[in-house]
Amino acid sequence: MSEKEKKTKNTSPAEQSAEGAAVRDCTSIATESGGVIQIANDVVSNIAGLAVMEVEGVSKLTGNITRELITKLGRKSLSKGIRLDFSGNELKVDVSIEVKFGYNIVNVSKNVQDRVRSNINTMTGLKVSTVNVRVSGIDTASGE
């Protein structure tokens, strides 16, 4: 699908109720053929989480206490440490990770940025404008 064929937006609750059948917390891509493709934000978060975990040197995704409690209550851990921010047709992704001891933090972070941007674009067609990486710790147990 070319850039001309799609228009991306994050649907607000008001828009969702106006559209009737719209899915909550999703990204809608309108195609020139008149249809709409909706991708749940959790799907985009999981894509980002999988991309992060593919990078050598990443120990795990990290999140704050609230996210950790939500995870324990049934949410998948792949979206822990991932925050999405839709602005117009662009997507900003914030990632929080723990790096394995002995790995170069800057190189691991750059690899995370590249992998997240590439995987989201390849799988959804969404344009990722920014990937911010926050290294919240070093995993010394995995370096031994």
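Residues numbered from 1 in each chain as written. Predicted model: local features only at pLDDT ≥ 70, side-chain atom pairs only at ≥ 80, totals over all residues. Heavy atoms only, no water.

Remarks on the pairing of strand β2 (residues 26–31)
This is how the line gets drawn: A 1.4 Å probe rolled over the protein chains alone gives each residue an accessible area, and that area as a share of the maximum for its type sets the label: buried under 20%, exposed over 50%, partly exposed in between. Numbering goes from the N terminus for both helices and strands, where a helix is a DSSP run of H or I of at least four residues and a strand is a run of E of at least two. A pair of strands counts as paired when DSSP detects no fewer than two bridges linking them.
Burial within β2 is extensive, with 5 of its 6 residues counted as buried. Two strands pair when backbone bridges link them, and β2 and strand β3 (residues 36–40) are joined in this way by 5 bridges, in the antiparallel orientation. Bridge pairing in β3 links Ser-28 to Gln-38. Hairpin connection of β2 to β3: 4 residues between the antiparallel strands, including Gly-34 at a positive phi of 100°.

What about helix α4 (residues 105–124)?
This is how the line gets drawn: A helix's residues, less one, multiplied by 1.5 Å, set its expected span. By definition, the arc is the one covered by directions from the helix axis to the C-beta atoms. The contact definition used throughout considers only heavy atoms, calling two residues in contact when any of these lie within 4.5 Å. Any N or O atom pair separated by 3.5 Å or less is treated as a polar contact, with the protein-specific requirement of one donor-capable and one acceptor-capable atom, and with residues adjacent in sequence counted only for side-chain atom pairs.
In this model, α4 (20 residues) spans 28 Å end to end at C-alpha, consistent with the 28 Å of a helix rising 1.5 Å per residue. For α4, the set of buried residues is Val-108, Ser-109, Val-112, Val-116, Asn-119, Ile-120 and Thr-124. Viewed end-on, α4 has its buried residues packed into an arc of 105°, placing them on one side of the element. Tucked inside the fold, the buried residues of α4 contact β2, β3, α2 (41–53), β4 (58–61), β6 (90–100) and β7 (127–139). Where α4 begins, the capping side chain belongs to Asn-104, and its oxygen is found 2.9 Å from the backbone nitrogen of Val-106.

Let's talk about the side chain of Asn-119
Within the secondary structure, Asn-119 sits in helix α4. Exposure remark for Asn-119: the relative accessible area of 17% places this residue in the buried category. Other than its neighbours up to four places away in sequence, Asn-119 contacts Ile-47, Ala-51 and Glu-54.

Some words on the nonpolar core
To be explicit about the condition: By nonpolar core is meant a set of buried Ala, Val, Leu, Ile, Met, Phe, Trp, Tyr and Cys residues that side-chain atoms within 4.5 Å join together.
With 25 residues, the main nonpolar core has Val-93 and Ile-120 as its most contacted residues. Those elements that provide at least two residues to this core are α2, β4, β5 (82–87), β6, α4 and β7. Non-local contacts of Ile-120, meaning those with residues more than four positions away in its chain, are made with Val-44, Ile-47, Ala-48, Leu-91, Val-93, Gly-125, Leu-126 and Val-128.

Overview of a nonpolar patch on the surface
Going by this rule: Put simply, a patch holds well-exposed residues, over 30% relative accessible area, that have no salt bridge, with like charges counted together within 9 Å and Val, Leu, Ile, Met, Phe, Trp or Tyr side chains within 5 Å. Areas reported as accessible are Shrake-Rupley estimates using a 1.4 Å probe. Residue values count occlusion only from the protein chains shown. The working definition used for a salt bridge is a side-chain nitrogen of Lys or Arg within 4 Å of a carboxyl oxygen of Asp or Glu.
There is a patch of nonpolar side chains on the surface, built from Phe-101, Ile-105, Val-135 and Ile-138 and spanning about 330 Å² of accessible area. The residue Ile-138 is located in strand β7 in this model.

Structural notes on the environment of Thr-124
Relative to the helices and strands, Thr-124 resides in helix α4. Discounting chain neighbours no more than four positions away, the residues touching Thr-124 are Ile-29, Ile-39 and Ile-47. Engagement of the side chain of Thr-124 in a polar contact is seen with the backbone oxygen of Ile-120, the distance being 2.6 Å. In this structure the side chain of Thr-124 is engaged in a polar contact, spanning 3.1 Å, whose partner is the backbone nitrogen of Leu-126.

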